[in-house]
Amino acid sequence: MNIDNLIDNERTIFLQTYNRLPIIIESARGNIIWDEDGTEYRDFIAGLAVNILGHSHPAVVDAAIRQTYKYMHVSNYFYQRIQIEFAMALTQISGYDRVFLTNSGTEANEGAIKLCRSWGFDKDKTEIIAFTGGFHGRTYGPLSLTERPQYKEKMGPFLNNMRIVEYNNSQALEEAVSEKTAGVLFEFIQGEGGLCSVTDEFIETICRLKDKYDFLIITDEIQTGIGRTGKFMASEHWNIKPDIATIAKGIGGGLPLGAILTREHLANVWKIGNHGSTFGGNAVACATGLAVINELQRGIMRNSLVVSDYFMLHLQAIAEDFPNCVEEIRGKGMMLGIVLKFEASILCRILLEEKKIITNATAGNVLRLLPPLITTKEDIICFVLAIRECLQNLFTEII
Ligand SMILES: Cc1ncc(COP(=O)(O)O)c(C=O)c1O
């Protein structure tokens, strides 16, 4: 079957919700993806922040195979050694006390919203506040806390008592918070929202308001977590201890896995039967999750910070050299954004077609870079030379 037939079939069979790149994947390893014609692409999005150790990392593949031979799924009706060992490793590396395992990011956030409401119920705290530019998933809870109209078109009505306030606007938050507030949900760096970081001042405001009104701080670390910013959890950069954090994406090493992480004081909010998931904590996903944590503990995060500092320096130099094209560089660790003065999808397409480099465009004018943590300085040099050449050509076209 040739590429056109396959793509035509996709168009006639699937509900058309994805804007896919025109590549049919054959295989992937490390930070390289091959298409069916043998063309090689350098991957700077890592499965949209999933393949933290690169594609098909041997330790992850090995863990999946070993667990698959033992058993793949038995349900949460049983105690499972692999699940408990994974949860213990996860609490140890994240600093959180309790875990509920899910299959995806939106499921983790959905559960976090439910947990927060359960916590607030007897205190008559019913409202949850989130922020402009935030993205928390596609099920109704997270979607009710997401601003982007395109994601919500004709899908209302949404959940009551959900408010969206301007990100990093302390005054707006002060005006929105009250005794009714059960929780405040935010991303430390907004992945879909253009790689904007939370300010120190805003974090101070959230903590001060929490002391005054007694609500839960919930952080969505689905994209920022699992070493993406150079620390296992991004909260470590800001030195705060949220009550709840949600993770997914990178933790499963490529298999669907997520978690609600909480502090001990929330351990007894839910009783048996209050929440559940058939596949959440699937044995094979837990095995790969444990392999991811073990690999991260071998120094990959430290190395990635060295490489990402190097990357940042080069990107800053590009911003200085191409002031007509680049507005600023945002982000931390291996979660970086080049804010452009034009549609990022243009540069994304040129990098793909001419340089065989895979990037992602978000928030209109932000080129999002989410390379795996195994990315080397040599990979960075390749990227930097390629993007300089593309910007040079574009710049010549612009003037
Ligand atoms: C910050 C954040 N939260 C939640 C989600 C939703 O995760 P999932 O697609 O696994 O449901 C995403 C996905 O991109 C995300 O980036």
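Structure's up top.
All of these numbers come straight from a predicted model, not from anything done at the bench. (Residues numbered from 1 in each chain as written. Predicted model: local features only at pLDDT ≥ 70, side-chain atom pairs only at ≥ 80, totals over all residues. Heavy atoms only, no water.)

Some points on the site of the ligand
As a matter of local geometry, the ligand sits amid Ser104, Gly105, Thr106, Asn109, Phe135, His136, Gly137, Glu187, Asp220, Ile222, Gln223 and Lys249. Taking Gly105, its main chain carries an N or O atom lying 2.8 Å from an oxygen atom of the ligand. Residue Asp220 places a side-chain N or O atom 2.7 Å away from a nitrogen atom belonging to the ligand. Out of a free accessible area of 390 Å², the ligand has 81% covered by protein chains. Among the elements that take part in the shell around the ligand, helix 5 (residues 105-121) stands out by supplying three residues, more than any other. Its residues assigned to classes, the shell around the ligand shows two nonpolar, seven polar and three charged. (Near = heavy atom within 4 Å. Polar contact = N/O pair within 3.5 Å; in protein donor to acceptor, adjacent residues only side chain to side chain. Areas by Shrake-Rupley, 256 points an atom, 1.4 Å probe, with all protein chains shown as cover. Helix = DSSP H or I, 4+ residues; strand = E, 2+ residues; numbered from the N terminus. Nonpolar A, V, L, I, M, F, W, Y, C, P; charged D, E, K, R; others polar.)

Here's the deal with the pairing of strand 5 (residues 127-131)
The side chains of a regular strand alternate, first on one face of the sheet and then on the other. In terms of burial, strand 5 is largely enclosed, as five of its five residues are buried. On strand 5, burial covers both faces: Glu127, Ile129 and Phe131 on one face and Ile128 and Ala130 on the other are all buried. Of the pairings in the sheet, the one linking strand 5 to strand 7 (residues 181-186) comprises three bridges and is parallel in character. Residue pairing across strands places Ile128 opposite Gly183, the latter belonging to strand 7. Strand direction decides the pairing type here: strand 5 and strand 6 (residues 162-165), joined by four bridges, are parallel. When the sheet's bridge partners are listed, Ala130 is paired in strand 6 with Ile164. (Buried < 20%, exposed > 50% of the residue type's maximum accessible area, 1.4 Å probe, protein only. Pairing = 2+ DSSP bridges.)

Points about the sheet that holds strand 13 (residues 357-358)
Spatially, the four strands line up as an open sheet ordered 1-2-3-13, and their pairing is mixed. Single-partner strands in this sheet number two, and they are strand 1 (25-29) and strand 13. Bridge count for strand 2 (residues 32-35) against strand 3 (residues 40-43) is three bridges, and the pairing is antiparallel. What sits directly across from Ile32, in strand 3, is Arg42.

With respect to the pattern of salt bridges
If you walk through the whole model with that rule in mind, you get 17 salt bridges. Here Lys125 ties to Glu179 by a salt bridge, and the two come within 3.9 Å at their closest N and O atoms. Residue Lys125 is located in the loop between helix 5 and strand 5, and its partner Glu179 is located in the loop between helix 8 (170-176) and strand 7; the two are separated by 54 residues in the primary sequence. Classification of Glu179 by relative accessible area gives exposed; the value is 52%. For Lys210, the salt bridge is made with Asp243, and the minimal N-O distance between the two is 2.8 Å. Within this pair, whereas Lys210 is found in helix 9 (residues 200-213), its partner Asp243 is found in the loop between helix 10 (235-238) and strand 9 (244-247), the two being separated by 33 residues in sequence. (Salt bridge = Lys/Arg side-chain N within 4 Å of Asp/Glu carboxyl O.)

Overview of the state of the cysteines
Per the counting criterion, the structure on display carries zero disulfides. Here Cys196 is not cross-linked by a disulfide; its sulfur's nearest cysteine counterpart is in Cys348, at 18 Å. In this structure Cys196 comes out as partly exposed when scored by relative accessible area, which is 22%. Cys348 takes part in no disulfide bond, and the closest cysteine sulfur to it belongs to Cys390, at a distance of 11 Å. (Disulfide = S-S within 2.5 Å.)

What to know about the side chain of Thr359
Structurally, Thr359 is set in the loop between strand 13 and strand 14 (360-362). Looking at Thr359, the relative accessible area reads 4%, which means it is buried. With near-sequence residues (within four places) excluded, Thr359 lies in contact with Phe44, Ile45, Cys348, Leu351, Leu367, Arg368, Leu369 and Phe383. (Contact = heavy atoms within 4.5 Å.)

A word on the packing of aromatic side chains
Within this structure, the stated rule accounts for twelve aromatic pairs. Measuring from ring centre to ring centre gives 6.3 Å for Phe131 and Tyr167, while their planes differ by 55°; the resulting arrangement is tilted. Here Phe131, found in strand 5, pairs with Tyr167, found in the loop between strand 6 and helix 8; they are 36 residues apart in sequence, far enough to count as distant. For the pair Phe131 and Tyr167, one class covers both residues: buried. When the ring of Phe131 is compared with that of Phe202, the centres are 5.2 Å apart and the planes differ by 80°; the resulting orientation is edge-to-face. (Phe/Tyr/Trp six-rings, centres within 6.5 Å; stacked < 30°, edge-to-face > 60°.)

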